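# Topology and contacts: notes
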Amino acid sequence: MSAIDLFTFRPGPTGLVEDEVLRGLHPMMGHRLRLSRLREFALDRLASPEDVYMFHGVARANAKDERLFALAEVRDLTSVRDERGHVVALPELERVLVSVLEAIRGFQARRPLHRRLMWNRIVLHAWPVIELAPDEIRVLVERLAPRTAGLGIELIEIQGRLRDEYGLVRERSLRFYVPTGRDVSVEVEDPPANPLQPLDEGTHRISTARRRGTLHPAEIVKLLAAAHPTAGQPAGRFIEHDLTDGGRLEPVDRPPATNPSGIVVGTVRNFTDRYPEGMLRVILLGDPTRALGSLAEPECLRIVAAIDLAEQLGVPLEWFALSAGAKIAMDSGTETMDWIAAALRRIVLFTQAGGELNVVVAGINVGAQPYCNAEATMLMHTRGALIMTAGSTMVLAGKQALDYSGGVSAEDNLGIGGYERIMGPNGEAQYWAGDLAEACRVLLRYYEHTYVAPGERFPRRARTSDPVDRDVGESPHRAPGSGMKRIADVFSNELNRDRKQPFDIRSVMSAVIDSDDRPLERWAAMRDAEVAVVWDACLGGRPVSVIGIESRPLPRRGAIPADGPGQWTAGTLFPRAAKKIARALNAAAGRRPAVVLANLAGFDGSPESLREWELEFGAEIARAIVNFDGPIVFCVLSRYHGGAFVVFSRRLNPHLETVALEGARASVIGGAPAAAVVFAGEVERAAAGDERIQSLDEAISHASGAERQRLRARRSAQWEAVLAEKRREFAARFDQIHSIERAVRVGSVNSVVGLDSLRGHLIEAVERGIRRADPPTPT
């Protein structure tokens, strides 16, 4: 069993332990960890359990430097693989690592919480040649990453001989970083040859941020670089920028975490197969170690300059926002608010001009910062995405300030402005992530479907193996309580002749998009907007925004007003759903095509919906269609009636192409409501002229007494039956006249397609729209 050796460096006696003495304590320690690497520290050995060697020490240049160092060796790297050849376990490595972590946990548990050590390091020496790829080991380390929570681990280092892709074996050092306690990034370097240095200012700031439960920008950019690994492509690259004397941003070369202000600025690239030159963006990151990212003149100058740089480069700007709001100090006052207003004005102008500013809420956002987030991502015209993490909040005033001032607060800041109860349900947060590492992955997945390189018109086509002519009817249909198991069943004349059976729109959307693309749902938690579904997806390799209208009734949550619907009915647009659709269209405009899969009976007309701005949000859809710059494909799946027809009409935008499935219905109003309301008099006259009613009327006119009353009762029952029959006949005749074919003849719909050719037709429609919007340059 491998021995585990623990070191801790902290102020203490300054006696220097000689190399020979250390080697005498444990042969491996003298062989693998030379005292020369620790010559910047004075060491003092303490009593320790068997096979554990503990030292207290003090850095000669920094008396506050106190750390824990763990060393062990791995003598067996035999791997366990699954049937596909993937490594699923390295038993000996995992056993040793778990033992080291438990030893560190035992040491930390004996210290008060506020004095537990941070920036601790684990070094494992592997004796066998490492035949595995670094990413294969990373997956296993990531599985054990939750065990590092609360231990203050800076990195886990595996030293040994690594066989590279060319078959050469050489000494290498694999460094695994676990900043969030969950996700792991890896760096492969030459073994360290220089002495271990005391903490410098930057490292101290990174350690301080971790102690506070946050991440410094220097660690976030590492997560972002590792968030989108692509085979054959390098890791992401971050270049820090700062202001010159002329107020422009220029690259700077300085140690990480030594930024002079509460905002770190730079450019970042992530390399993918589609963008081998890298997806370039400008990035802002709030620094929690500088007044919790408070905003004042230095920060606002950098925000404005970052927006200028993004506009100049023609790339998105992303902001990892963490800020306590406006800086409060004895030597500054209202001028700070003016500087924030200047930054806010620049955000407004940037987004109104079509600029994209994406926000990741990386911690607490107070006061001015949430307003910046709102101007960037929450208004109707904005394109930016807003991602919140599990522990992040957006509040105008924190809980303590609200309680002190007598305002209404909650049990904590998450209850005031967290994702789960507030920002997700109200739709102001668009995506959710468990932590910052996951937020980086969500952001990169978002860019997979939205990123447009400078000088280009649309996102580049993704590689797909899904056939263009695939029959979507064979795809599964999943809906609670539905007997229709395939998409073909949903649109079959035998099982759903009148297209009135409820069906699940996500099943249809999944059937249409590329099967090898994983869609990303936007506004998934938006309350009272569940009828509308918005996906970032690919169709024929083309990144598109796919919008679906739910076609089955959905239960309502929370208190239900007496003057509103008891459930969200199928194919009906309610206020919040209309708002979601309008925002989705505006976000896609000018960047990528939009595809709408709709079964629309119209807008809900209840008093509650009108009170909740149904007219306003419905009008926003029409405005979004009018202003949409790029291809829109609107597909009628079942029914298409009423005001919904108007706000998606081809007359609103020449780039809108409307297609319909065979058997769909399109009219001002459906046949049944037309018969019952619009043509009620004509239907009643037809019922009154029916032979059955006329014969009863004739009999009643000649009867008297009890016989007359009996006939009248019989006529009343007969009238209801005949009236219902005439309504059905009239509705069928109305629907037959106002068929989808008539809509094609009068120009309301472009074409009718069969289910088996739906996917291919939609792909062709998107391609036609792209060619119109971005015609190829003549050679």
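As a reminder, the structure under discussion sits directly above these lines.
To start, this report covers the structure provided alongside it.

Criteria and thresholds
Residues numbered from 1 in each chain as written. Predicted model: local features only at pLDDT ≥ 70, side-chain atom pairs only at ≥ 80, totals over all residues. Heavy atoms only, no water. Buried < 20%, exposed > 50% of the residue type's maximum accessible area, 1.4 Å probe, protein only. Helix = DSSP H or I, 4+ residues; strand = E, 2+ residues; numbered from the N terminus. Pairing = 2+ DSSP bridges. Core = buried A, V, L, I, M, F, W, Y, C linked by side-chain atoms within 4.5 Å. 1 Å grid on protein atoms, 1.4 Å probe; cavity = no way out; pocket = protein on both sides within 12 Å on 5 of 7 lines; lining within 4 Å. Points joined across faces, edges and corners; volume = space filled by probe spheres on them. Nonpolar A, V, L, I, M, F, W, Y, C, P; charged D, E, K, R; others polar. Salt bridge = Lys/Arg side-chain N within 4 Å of Asp/Glu carboxyl O.

### Focus: the pairing of strand 13 (residues 263-270)
Of all eight residues that make up strand 13, seven are buried, and the element is covered over most of its length. In terms of strand pairing, strand 11 (residues 237-243) meets strand 13 through five bridges, oriented antiparallel. Each bridged residue has a counterpart across the sheet, and for H241 the counterpart in strand 13 is V265. Relative to strand 14 (residues 279-286), strand 13 runs antiparallel, the two sharing eight bridges. Opposite R269, over in strand 14, you have L280 as the bridge partner.

### Observations concerning unusual backbone geometry
Of note in the backbone geometry, A257 takes a positive phi value of approximately 65° without being a glycine. Tracing the backbone through its elements, the reader meets A257 in the loop between strand 12 (249-251) and strand 13. Residue A257 is classed as buried on the basis of its relative accessible area of 4%. Positioned with a positive phi, W523 is a non-glycine residue whose angle comes to about 60°.

### A closer look at the nonpolar core
Counting 68 residues, the largest nonpolar core has W319 and F320 as its most contacted members. Of all the elements, helix 13 (residues 436-450) adds the most residues to this core, at nine residues.

### Here we look at the layout of surface pockets
Its volume calculated, the largest pocket comes out at about 1100 Å³. Lining the largest pocket are 46 residues, with Y177, T203, I206, K222 and P256 sitting closest to its centre. It is helix 6 (residues 217-226) that contributes the most residues to the lining of the largest pocket, seven residues altogether. By residue class, the composition of the lining of the largest pocket is 23 nonpolar, eight polar and 15 charged.

### Here we look at the pattern of salt bridges
Scanning the model with the defined rule gives 50 salt bridges in all. The partner of R759 in a salt bridge is D514, with the nearest N and O atoms 3.0 Å apart. Within this pair, whereas R759 is found in helix 25 (residues 758-773), its partner D514 is found in the loop between helix 15 (505-512) and strand 20 (520-522), the two being separated by 245 residues in sequence. Of the residues examined, R759 reaches a relative accessible area of 0% and is grouped as buried. For R556, the salt bridge is made with E608, and the minimal N-O distance between the two is 2.8 Å. Pair noted here: R556 is in the loop between strand 23 (554-555) and strand 24 (567-568) and E608 is in helix 17 (residues 607-611), with a separation of 52 residues, a long-range link. Here the salt bridges do not stand alone but share partners, grouping D504, R506, E521, E550 and R552 into one network.

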